[in-house]
Amino acid sequence: MLEVSAIWTAQVQQQNYRALLDAISHPGWVKSILHQAGSPASTAVLATLLDAEVSLADPEGLLEAADWPLLQASTAAPEEADYILCMGSKAAQFQPRLGSLPSPEQSATLIICVDSLHEGELKISLEGPGVNGNADCAIAGLHPDWLSQREDWVCGYPLGVDLLLVDDSAVLALPRTTRVEVV
Amino acid sequence: MSLAQQFGFLDEYAKKEIRRTSLKAVAIPGYQVPYSSREMPMGRGFGTGGLQLTLALIGEGEVLKVIDQGSDDSVNAVNLRAFIEMTCPGVGTTRVTGEADLIQSRHRIPEKPLREDQLLVLQVPYPDPLVVVEASEEKRKQLHGEADYSRLLVKLYEDIVKFDEITISHRYPTRINDHYVIDPSPIPRWDVPKLHMSKALVLLGAGREKKIYAVPPYTKAEPLAFEDKPFRVEAFLDERGRRRACARCGCDSSFLDEYVDSNSGHQVYRCSDADWCDEQLTRRSAPEVING
Ligand SMILES: [Zn+2]
């Protein structure tokens, strides 16, 4: 836990960026995110990545109103946004940007808030770049529809979306290249 | 603004953009993600792409190694290291590959296998292997997206017909995760297999061309080749077909640089990787401490 303003400091953002880089390089790894007391780790993730150059959709209204001006990001509909803040317990009601064949990076990154990345009813096994063999994960608070929707979104590689699952204090990444099997 | 005021020289907006770009690069292995490369107090082409990545990545308490053509002591490596030391207070530096958290390099990948907790940044002058067959960037982006490398393969094959082997010595086109073909930067063929299923993340930065791309850990990296003409690394054989060894440390399993001995006028061979050579030399004088 950090004092109120620390997630907006350069030093904490550097450390949280490295946690995100580790997470996306190693799908299945659960990496701690430095965050402030009483504020979700997802806000610290957004603070690390966003500025006025990018847009954010928050269809569930999860973000504190006071955090919007600090993030500086413009608001957008989920269909248009660079980043989408989502609630894991509820299946997606939108079609995110998947990028294009020449520019697959022009796709959305979804930050999905879940209850736990350490234990839970949803057991998945991961394979693909960054995974040494396979990686097993247990997640609580992720509606199973997310995984089937993700299948539709990532089936046209290199088009796709990248998922950052975030609980109270940590992140786990599912980049578009990861093959996910429910076990 | 003095250099000392801003940790990492770049402003936080520039760092955020590089960070967002690098995450996309890892998520789409081998794809060259565009970014708006900033002006640096040295000419583009002097490793600014790698330097920008390092400055966006590194934090207090981390240990950095900077190498140029295998050496920590070349002018380029010394200048880059001095710049990072000046702009990143609290960052340590080392010459020892095993001690580094982060390694920025030009032209070589260290001989010592990298670990999962290490990170390699390669400086790239020319990121796009398709430039030789397609002048239009728009068309190249489409070809990359479709993973259509037929024209590049034809070009490679012409080389074989002409010289009876693939003559590319550096920047060998390498396919990542069965899709994108990358220019792995001017590393020798010797270093290309180190990218395959590497334990360490490899990030590549091209400052002048404004591109960042990545080879994630545990990811396929396969040099383009043909069944009848497989990819081969440099053999370093002498006239009698024996593997040459380093004249300094005796190692016969490293990438060698060729020198002319100023006294005898003869050709001599030495490890290109200075830290590797030092380590082998130490081992040879104390053979009992060899441990993997
Ligand atoms: Zn040697």
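What you see is a predicted model; the values in this text were computed from it and never measured. (Residues numbered from 1 in each chain as written. Chains lettered and ligands numbered in written order. Predicted model: local features only at pLDDT ≥ 70, side-chain atom pairs only at ≥ 80, totals over all residues. Heavy atoms only, no water.)

**Q** Any details on the overall build of chain A? Residues and values, ideally.
**A** Counting its secondary structure elements, chain A contains four helices and ten strands. The N-to-C order of helical and strand elements in chain A reads α-β-α-β-α-β-β-β-β-β-α-β-β-β. Computed over its C-alpha atoms, the radius of gyration of chain A comes to 15 Å, within 12% of the 16 Å expected for a compact globule of 183 residues. By principal-axis analysis of the C-alpha atoms, chain A measures approximately 40 × 35 × 25 Å. The 183 residues of chain A split such that 58% are buried. When the accessible area of chain A is evaluated, it comes to approximately 7200 Å², of which 49% is carbon and sulfur surface. Positive and negative charge centroids in chain A, built from 8 and 24 side chains respectively, lie 7 Å apart. (Helix = DSSP H or I, 4+ residues; strand = E, 2+ residues; numbered from the N terminus. Rg over C-alpha atoms; globule rule 2.2 N^0.38 Å. Buried < 20%, exposed > 50% of the residue type's maximum accessible area, 1.4 Å probe, protein only. Areas by Shrake-Rupley, 256 points an atom, 1.4 Å probe, with all protein chains shown as cover. Lys, Arg positive; Asp, Glu negative; His and termini not counted. Charge placed at Lys NZ, Arg CZ, Asp CG, Glu CD.)

**Q** Can you lay out the coordination of the zinc ion for me, pointing to particular residues and giving the numbers?
**A** All names here are of chain B. Cys-246 (SG), Cys-249 (SG), Cys-271 (SG) and Cys-277 (SG) make up the full set of protein donors to the zinc ion, lying at 2.2 to 2.3 Å. Coordination at the zinc ion is tetrahedral, judged from the four donor atoms that bind it and the angles of 103 to 119° they form at the metal. Counting the intervening residues between successive donors of the zinc ion yields the motif C-x2-C-x21-C-x5-C. Classification of Cys-246 as buried rests on a relative accessible area of 3%. A relative accessible area of 3% means that Cys-249 is categorised as buried. (Donors = N, O, S within 2.8 Å, 3.2 Å for Na, K, Ca; no water. Tetrahedral: all angles 85-135°; square planar, octahedral: opposite > 155°, others 65-115°.)

**Q** Give me the lowdown on the packing of helix 1 (residues 10-25) of chain A against helix 1 (residues 12-27) of chain B, citing residues and values where you can.
**A** For the pair helix 1 of chain A and helix 1 of chain B, the least separation of the axes is 9 Å and the interaxial angle reads 10°. As the angle between them shows, helix 1 of chain A and helix 1 of chain B are arranged roughly parallel. Residue-level inspection shows A:Ala10, A:Gln13, A:Gln14, A:Tyr17, A:Leu20, A:Leu21, A:Ile24 and A:Ser25 of helix 1 of chain A in contact with helix 1 of chain B, the latter providing B:Glu12, B:Lys16, B:Arg19, B:Ser22, B:Leu23, B:Val26 and B:Ala27. (Axes fitted to C-alpha atoms, helices over the stretch in contact; angles between N-to-C directions. Parallel < 35°, antiparallel > 145°, perpendicular 65-115°, else oblique. Contact = heavy atoms within 4.5 Å.)

**Q** Which residues make up the sheet that holds strand 4 (residues 83-87) of chain A, and what values go with them?
**A** All names here are of chain A. Pairing within the open sheet is mixed, and its seven strands lie in the order 1-9-8-5-4-2-3. What marks the edges here is a single partner per strand, and that holds for strand 1 (31-32) and strand 3 (74-75). Packing of helix 4 (residues 145-154) onto the sheet brings it into contact with strand 4, strand 5 (109-113), strand 8 (162-166) and strand 9 (170-174), and relative to strand 5 it is tilted by some 175°. (Pairing = 2+ DSSP bridges.)

**Q** Would you mind going over the domain arrangement of chain B in detail, with residue names and values included?
**A** Residue and element names in this part refer to chain B. Here the domain parsing of chain B yields domain 1 (12-131 + 171-222) and domain 2 (240-292). Distance from the C-alpha centre of domain 1 to the C-alpha centre of domain 2: 26 Å. Across the domain 1 to domain 2 interface the summed buried area is about 940 Å²; carbon plus sulfur atoms make up 51%. Contact with domain 2 buries area across many residues of domain 1, yet Glu-111, Lys-112 and Trp-190 alone supply 48% of it, more than any other trio. The tally of links from domain 1 across to domain 2 stands at one salt bridge. A salt bridge links Glu-279 to Lys-112; its shortest N-O distance comes to 3.1 Å. Counting across the interface, domain 1 meets domain 2 through six residue pairs in polar contact (both at pLDDT 80 or more). Looking at the side of domain 1 that touches domain 2 residue by residue, the classes come out as four nonpolar, four polar and five charged. (Domains from an automatic or database assignment. Buried area = accessible area lost by both parts, 1.4 Å probe. Salt bridge = Lys/Arg side-chain N within 4 Å of Asp/Glu carboxyl O. Polar contact = N/O pair within 3.5 Å; in protein donor to acceptor, adjacent residues only side chain to side chain. Nonpolar A, V, L, I, M, F, W, Y, C, P; charged D, E, K, R; others polar.)

**Q** Tell me about the nonpolar core, residues and numbers included.
**A** Grouped together as the largest cluster of nonpolar side chains are 96 residues, with contacts concentrated most on A:Leu21, A:Leu50, A:Leu56, B:Leu55, B:Leu57 and B:Leu203. With residues near it in sequence (within four places) discarded, A:Leu21 still touches B:Ser22, B:Leu23, B:Val26, B:Leu57, B:Leu119, B:Leu201 and B:Leu203. A:Ala81, A:Ile112, A:Trp153 and A:Ala170 belong to the second-largest nonpolar core, a separate cluster that totals 31 residues. (Core = buried A, V, L, I, M, F, W, Y, C linked by side-chain atoms within 4.5 Å.)

**Q** So what about the pairing of strand 6 (residues 122-127) of chain A? Which residues, and what values?
**A** Residue and element names in this part refer to chain A. Here strand 6 runs beside strand 7 (residues 135-139); their pairing, made up of five bridges, is antiparallel. The residue of strand 7 that forms the bridge with Ile-124 is Cys-137. The sheet contact formed by strand 6 and strand 10 (residues 179-182) spans four bridges and is antiparallel. Among the inter-strand pairings, Ser-125 is bridged to a residue of strand 10, identified as Glu-181.

**Q** Let's hear about empty space enclosed by the protein: which residues, and what values?
**A** Per the stated rule, a full pass over the model turns up one cavity of 30 Å³ or more. Considering only enclosed or pocket space, the largest cavity measures out at about 90 Å³ in volume. Contributions of two or more residues to the lining of the largest cavity are made by strand 8 of chain A together with helix 1 of chain B. Grouping the constituent residues of the lining of the largest cavity by class yields six nonpolar, one polar and three charged. (1 Å grid on protein atoms, 1.4 Å probe; cavity = no way out; pocket = protein on both sides within 12 Å on 5 of 7 lines; lining within 4 Å. Points joined across faces, edges and corners; volume = space filled by probe spheres on them.)

**Q** So, the side chain of A:Asn16: which residues are in play, and what are the values?
**A** Residue and element names in this part refer to chain A. Structurally, Asn-16 can be placed in helix 1. Judged by its relative accessible area of 2%, Asn-16 falls in the buried class. Apart from residues lying up to four places away in sequence, Asn-16 is in contact with Ile-33, Leu-34, Ala-44 and Thr-48.

**Q** An account of the interface of chain A and chain B is needed here, citing residue identities and associated values.
**A** Taken together, the contacts link 40 residues of chain A with 36 residues of chain B. Here chain A packs against chain B, burying approximately 3200 Å² in sum over the two surfaces, 57% of which is carbon and sulfur. Among the residues of chain A in contact with chain B, A:Tyr17, A:Arg18 and A:Glu105 are the three that bury the most area, contributing 19% of the side total. For A:Arg18, the salt bridge is made with B:Glu62, and the minimal N-O distance between the two is 2.8 Å. Summed over the shared surface of chain A and chain B, the result is 17 residue pairs in polar contact (both at pLDDT 80 or more). When residues of the side of chain A that touches chain B are traced back to their parent elements, those giving at least two are helix 1 and helix 2 (41-49) of chain A. For the side of chain A that touches chain B, the element with the most residues is helix 1 of chain A, which contributes ten residues.

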